[in-house]
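# Structure at a glance
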Amino acid sequence: MGQTRKDLAEEFNECRPILSVLGDTTRQSIILCLLENIQCGGMRVGELSAVIHISRTALSHHLKILKESGIVAMREEGTKNFYYLNYRSRRMASLVKLFRKIEEVQDDKCETCQNRICEGGK
């Protein structure tokens, strides 16, 4: 268990920056909006601003944070900038890896603690 705890702590620490970014409700709204419009290949600041109802300046600030964290990326088409979820980024992969590790540890615990009732995702 000591090694597992150490491994989880290291993976959790690696994910702290992205977890912090995800903790903001405005950024969560931006991510949800990008998810809802994923088939569009990205959204411009004006489009996002109209849906989320915050100023373009505030939105640009949050997009900058999301870009720096690797959650969101931007592509240019001439003078237009389109923002989209960067689900293949290293940080996103680290987050997925952390939650898979947590699930693995939880499953191992459920199998070994016969005398406890575990939800097990049910």
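Within the chain, the regular secondary structure consists of 5 helices and 2 strands. For the chain, the sequential pattern of α-helices and β-strands runs α-α-α-α-β-β-α. Contacts in the chain between residues at least 24 apart in sequence constitute 52% of all its contacts with a sequence separation of at least 6.

What follows concerns the packing of aromatic side chains. Any pair of aromatic rings gets described here by the distance separating the centres and the angle formed by the planes. Evaluation of the coordinates by the stated rule reveals 0 aromatic pairs. Just above the ring of F82 sits the side chain of R75; from NZ or CZ to the centre is 4.5 Å.

In contact at an axis separation of 10 Å, helix α2 (residues 25-36) and helix α4 (residues 56-69) are set at 80° when each is read in the N-to-C sense. Of the possible angle classes, the one that applies to α2 and α4 is roughly perpendicular. Judged by residue contacts, T26, R27, I30 and I31 of α2 engage L59, H62, L63, I65 and L66 from α4. Among the residues forming the contact of α2 with α4, the class breakdown is 6 nonpolar, 2 polar and 1 charged.

With 14 residues, α4 extends 20 Å between its outermost C-alpha atoms, agreeing within 8% with the 20 Å of an ideal straight helix rising 1.5 Å per residue. Taken together, the buried positions of α4 are occupied by L59, H62, L63, L66 and S69. Buried residues of α4, viewed axially, fall in a sector of 120°; they line one side. Exposed residues pointing more than 90 degrees away from the buried face of α4 are listed as T57, K64 and E68.

By the bridge criterion, 6 bridges tie strand β1 (residues 72-77) to strand β2 (residues 80-85) in an arrangement that is antiparallel. If you follow A73 over to β2, its bridge partner there is Y84. Between the antiparallel neighbours β1 and β2 lie 2 residues, among them G78 with a positive phi of about 65°.

Now for the confidence of the model for the chain. On average, residues of the chain carry a pLDDT of 86, and 86% of them reach 70 or more. Looking at the elements of the chain, mean pLDDT is at its lowest for helix α5 (residues 90-112), recorded as 80, and at its highest for α4, recorded as 95.

Glancing now at the side chain of K101. Within the secondary structure layout, K101 lies in helix α5. Non-local contacts of K101, meaning those with residues more than four positions away in its chain, are made with D7, L8 and E11.

Cut-offs and rules
- Think of each chain on its own: its residues are numbered from 1, step by step along the sequence as written.
- In view of the model being predicted, local features appear only for residues whose pLDDT reaches at least 70, and side-chain atom pairs are presented and counted only at 80 or more, with totals across whole chains, interfaces and linings using the full set of residues.
- Excluded from the side-chain calculation are hydrogens and water; included are all heavy atoms of the structure.
- A run of DSSP states H or I qualifies as a helix once it reaches four residues; a run of E qualifies as a strand once it reaches two. Both are numbered from the N-terminal end.
- By the convention used here, residues are in contact when the closest approach between their heavy atoms is within 4.5 Å.
- Pairing of aromatic rings covers Phe, Tyr and the six-membered ring of Trp, with a centre-to-centre limit of 6.5 Å; geometry is then stacked below 30 degrees between planes, edge-to-face above 60, and tilted otherwise.
- Charge over a ring is defined by NZ of Lys or CZ of Arg lying within 6 Å of the ring centre and within 35 degrees of the ring normal.
- Axis definition: a line fitted to C-alpha atoms, over the contacting stretch in the case of helices. Angles run 0 to 180 degrees between N-to-C directions.
- Oblique is the label for any angle not under 35 degrees, not over 145, and not in the 65 to 115 range, which are roughly parallel, roughly antiparallel and roughly perpendicular in turn.
- Residues are sorted three ways: Asp, Glu, Lys and Arg are charged, Ala, Val, Leu, Ile, Met, Phe, Trp, Tyr, Cys and Pro are nonpolar, and all the rest, Gly among them, are polar.
- One less than the residue count of a helix, multiplied by 1.5 Å, gives the span that helix is expected to have.
- Summary of the burial criterion: residues with accessible area below 20% of their type's maximum are buried, those above 50% are exposed, and those between are partly exposed, where the area comes from a 1.4 Å probe applied to protein chains only.
- Arc definition: directions from the helix axis to the C-beta atoms.
- One bridge is not enough; two strands pair if DSSP finds at least two bridges between them.
- The predictor reports its confidence for every residue as pLDDT, a score running from 0 up to 100.

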